[in-house]
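Observations on the three-dimensional arrangement
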Amino acid sequence: MLGAGLVALTGLPSTARADTQSDLDAAQSQLDAAQSQLDDISNQYQQLAVEQSNTKDAIDQKQSDIDQIQADIDVKQKDLDSKQEILSKRISSSYKNGGSNVLDVLLSSASLDELISNVYYMGKITDSDKAMIEEVKQAKAELDDKKSSLEQEKASLEDLNAQQTQQLQDMQSKQSEVQTVLDGLSTQVKDLMSQRDAELVAAAAAEAAQQAQSAAQAAAGSGGSVYVDTSTSGQSTSGLTNAQANVVNACKSVGSPGSGLCAMWVSQVFAAAGYGYYGGNACDMYANWCTSSNKSNLKVGMIVAVSTHSHTSAGRTYGHIGIYIGNDTMMDNVGYVRTINVNDWISYYNTTVTPRWGWIGGVSLV
């Protein structure tokens, strides 16, 4: 904190202006309050980022459940089609051969007991066919209902994800406003500190000059003399699409735009590769385009990001981002452009939310 080393004017030359120290104390108090508010926002932001990561995980799980249910539905549909085809062939054959109606059964029965038995079993066969098909239909209907329920739950989660994204953006705006106030107060404190120091130096110099003048006058009065000292004490791109190769080459040619500007570097890389300037911070890109945490889905040219991490105060609010260039290697901007093993990157930044990856802008380069 900028005011951590400030001292009061107590015990210093009385000629220093007390109102400067009063202004400095007031500015320091406002600075401390703004810093406290900024810390609270950062903590809330980090908590919300965690909640959104959990929401994304839940969406992934719902989609996996839906895919499994759909697979089960497909199996039941094939079973139903097969049983319906068997019954259809049986009915068709019966029709072509004249059928086995009650009269046929009656004429072919040698006795009343045999007639009753034949009619009973003929009915049982028909009932069995119907029950078999109804059982499959019911199972399929239950699966359809379950799938519909899961899709509704997924839709609700996606709505929640959208709300959380908006909340994160609103919180970023609030954080930016507080940071602006904090920066202004920091400048004010610095200016007041400089003013105070200048007044203290001037007061000390005036007092020293007064003491020197008094000494000189005393020496002159005694007929003596006095001397007064007034001095101041190179990766391969074979096997890649042209789009992927362009991104990899741009990663290696675009320099760092500065410390804390990881997302700007990513945007500049894609602009240099010919795909436009996307803009936004790492958190925005994570929320909008990083859709998978499955390593098997990671492709050359994808962005890899976290919406928050615990290593720096900026990281807690804005996260971090880089670009995967293949061979378990990625590049990012940390004040300079570095190359790092993707597993090491994931392990290091996996402190608060799950690292994810995806195509920037949602456009595949393969």
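These notes cover the structure that comes with them. This one's a predicted model, so the numbers in the text were calculated from it and none came from an experiment.

Description of the sheet that holds strand S4 (residues 337–341)
The strand order across the open sheet built from five strands is S4-S3-S2-S1-S5, with neighbouring strands paired in antiparallel fashion. Looking at the sheet topology across the chains shown, the edges are occupied by S4 and strand S5 (356–358). Within the sheet, the average angular offset between the axes of one strand and its neighbour, ignoring direction, is 30°. As judged from the four bridges shared by strand S1 (residues 303–306) and strand S2 (residues 320–326), these two strands associate in the antiparallel manner. Following the sheet pairing, Val304 is matched in S2 by Gly322. Along the sheet, helix H5 (residues 262–272) makes contact with S1, S2, strand S3 (329–333) and S4, crossing S2 at roughly 40°. With respect to the sheet, helix H6 (residues 282–289) is in contact with S1, S2 and S5, its orientation differing from that of S1 by roughly 110°.

Quick notes on the nonpolar core
Ranked by internal contacts, the top residues of the largest apolar core, which has 50 residues, are Val266, Ile303, Ile321 and Ile323. The leading source of residues in this core is H5, at six residues. Each residue touching Ile323, except ones within four places of it in the same chain, is listed here: Val247, Cys251, Trp265, Val266, Val269, Phe270, Gly301, Met302, Ile303, Met330 and Met331.

Describing the pattern of salt bridges
Counting across every chain of the model gives six salt bridges. Of the charged contacts in the structure, one is a salt bridge between Asp332 and Arg338, with a shortest N-O distance of 2.7 Å. Neither Asp332 nor Arg338 differs from the other in exposure class; each is buried. Where salt bridges share partners, they join Asp57, Asp60 and Arg356 into one cluster.

The rules behind the values
Residues numbered from 1 in each chain as written. Predicted model: local features only at pLDDT ≥ 70, side-chain atom pairs only at ≥ 80, totals over all residues. Heavy atoms only, no water. Pairing = 2+ DSSP bridges. Helix = DSSP H or I, 4+ residues; strand = E, 2+ residues; numbered from the N terminus. Axes fitted to C-alpha atoms, helices over the stretch in contact; angles between N-to-C directions. Contact = heavy atoms within 4.5 Å. Core = buried A, V, L, I, M, F, W, Y, C linked by side-chain atoms within 4.5 Å. Buried < 20%, exposed > 50% of the residue type's maximum accessible area, 1.4 Å probe, protein only. Salt bridge = Lys/Arg side-chain N within 4 Å of Asp/Glu carboxyl O.

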